[in-house]
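# Results of the structural survey
The residues making up each chain are set out below.
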Amino acid sequence: SSSISQDDVFDLKVIAELNAFNVFICDQKCNIADIKIHGMDASISVKPKETDVFARLKNIIVTNVDLLSTHKKAVSILGDEVFRFQMTLYPDATEGESYADMSKVDGKLSLKVGCIQIVYVHKFFMSLLNFLNNFQTAKEALSAATVQAAERAASSMKDLAQKSFRLSMDINLKAPVIIIPQSSVSPNAIIADLGLIRIENQFSLVPMKHNYSLPPVIDKMNIQLTQLKLSRTILQDGLPQQDIEILEPVNMLLSIQRNLSVTWYVQIPGMEIKGKLKPMQ
């Protein structure tokens, strides 16, 4: 019989799919919103040498059902999917001599977020907020749970910092496009396109005269914010026509250099941040 290699054995494998989910929000006086979520799927697989986590959401549509408003699509997606998240963790990948090999990482993270278009009609969003205020007790419980989760995450990050955890990142975010109509019936609007955000990083060793058993590691992260712009427009069938720029596209570059060995190697800063904002018009 053929032997099964360790890479073919799963300690855990879970696949979950949610085809469609629909919520209609109303109170005793009026209908407020129709929320549709399509194509949510997630999976996790655990092997001895790697753990894979995947999640994706294809579409979300929030419809303003107020008959008097001409702006029906409050939230919609411009593109193929809302987000796609993938993370792979490699236990013991940087142990021993592999620690000095910068091609070896403890994990890889990939995130792509599509363009979410939000049409901000003040009356509609206030109706939603007022509806949510009916669940004050649940909101307080959720806030408390969020604070506890944040504290746990912060303590976990301290542990990771001591272990010099190396996570390779490839993040592409199409930031939301926010459309603000003059009123719920007016075609005149302001558009804030928050542009594209790209984050990537790479690791390097600090050049050393002395040989340390664990050499100091630098994580250099580049963050690019491009094509942020502001314009005014006339809406027709919910889509912008004849855009006139108020703010020409803005581009910004941010470079963050982290010393992953800051607990014992103090000759360089724990974090160094450099930014460059190109002229705004």
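Per an unreviewed UniProt entry, the chain is named Vacuolar protein sorting-associated protein 13C-like, and its organism is Galeopterus variegatus.

Turning to the overall build of the chain, a few remarks are in order. Scanning the chain from terminus to terminus reveals two helices and 12 strands. Counting from the amino terminus, the chain carries its helices and strands in the arrangement β-β-β-β-β-α-α-β-β-β-β-β-β-β. At 24 Å, the chain has a C-alpha radius of gyration far larger than the 19 Å of a compact globule built from 281 residues. By the burial criterion, 28% of the 281 residues in the chain qualify as buried. For the chain, the share of sequence-separated contacts (at least 6 apart) that also reach a separation of at least 24 residues comes to 62%.

Moving on, we get to the environment of P91. Along the chain, P91 falls in the loop between strand 4 (73-89) and strand 5 (107-119). Assessed through its relative accessible area of 41%, P91 is described here as partly exposed. Expressed as a C-alpha distance, the spacing of P91 and K47, which sit 44 residues apart in the sequence, is 9.7 Å. When residues no more than four places from it in sequence are discounted, the contact partners of P91 are P48, K49 and E50.

Looking now at the side chain of R166. Tracing the chain through its elements places R166 in the loop between helix 2 (136-163) and strand 6 (167-174). For R166, the side chain forms a polar contact with the main-chain oxygen of D101, separated by 3.1 Å. For R166, the residues in contact, after removing those within four places along its chain, are T94, S98, Y99, D101, M102, K104, V105, D106, G107, F203, V217 and L260.

Glancing now at the pattern of salt bridges. This model, assessed by the stated rule, comprises 10 salt bridges. Taking the shortest distance from any N to any O, the salt bridge between D41 and R56 comes out at 2.9 Å. Residue D41 is located in strand 2 (residues 31-46), and its partner R56 is located in strand 3 (residues 51-64); the two are separated by 15 residues in the primary sequence. Looking at R56, the relative accessible area reads 21%, which means it is partly exposed. The partner of K274 in a salt bridge is E272, with the nearest N and O atoms 3.6 Å apart. Its relative accessible area of 31% is what places E272 among the partly exposed residues. Salt bridges linked by common partners bring D170, R198 and E200 together as one network.

Here we come to helix 1 (residues 122-132). Of all the residues in helix 1, the buried ones are F124, F125, L128 and F131. Buried residues in helix 1, looked at end-on, bunch into an arc of 115°, giving them a common side. Buried positions along helix 1 lie against strand 1 (12-26), strand 2, strand 3, strand 4 and strand 5.

What counts and how
- Residues numbered from 1 in each chain as written.
- Predicted model: local features only at pLDDT ≥ 70, side-chain atom pairs only at ≥ 80, totals over all residues.
- Heavy atoms only, no water.
- Helix = DSSP H or I, 4+ residues; strand = E, 2+ residues; numbered from the N terminus.
- Rg over C-alpha atoms; globule rule 2.2 N^0.38 Å.
- Buried < 20%, exposed > 50% of the residue type's maximum accessible area, 1.4 Å probe, protein only.
- Contact = heavy atoms within 4.5 Å.
- Polar contact = N/O pair within 3.5 Å; in protein donor to acceptor, adjacent residues only side chain to side chain.
- Salt bridge = Lys/Arg side-chain N within 4 Å of Asp/Glu carboxyl O.
- Arc of directions from axis to C-beta.

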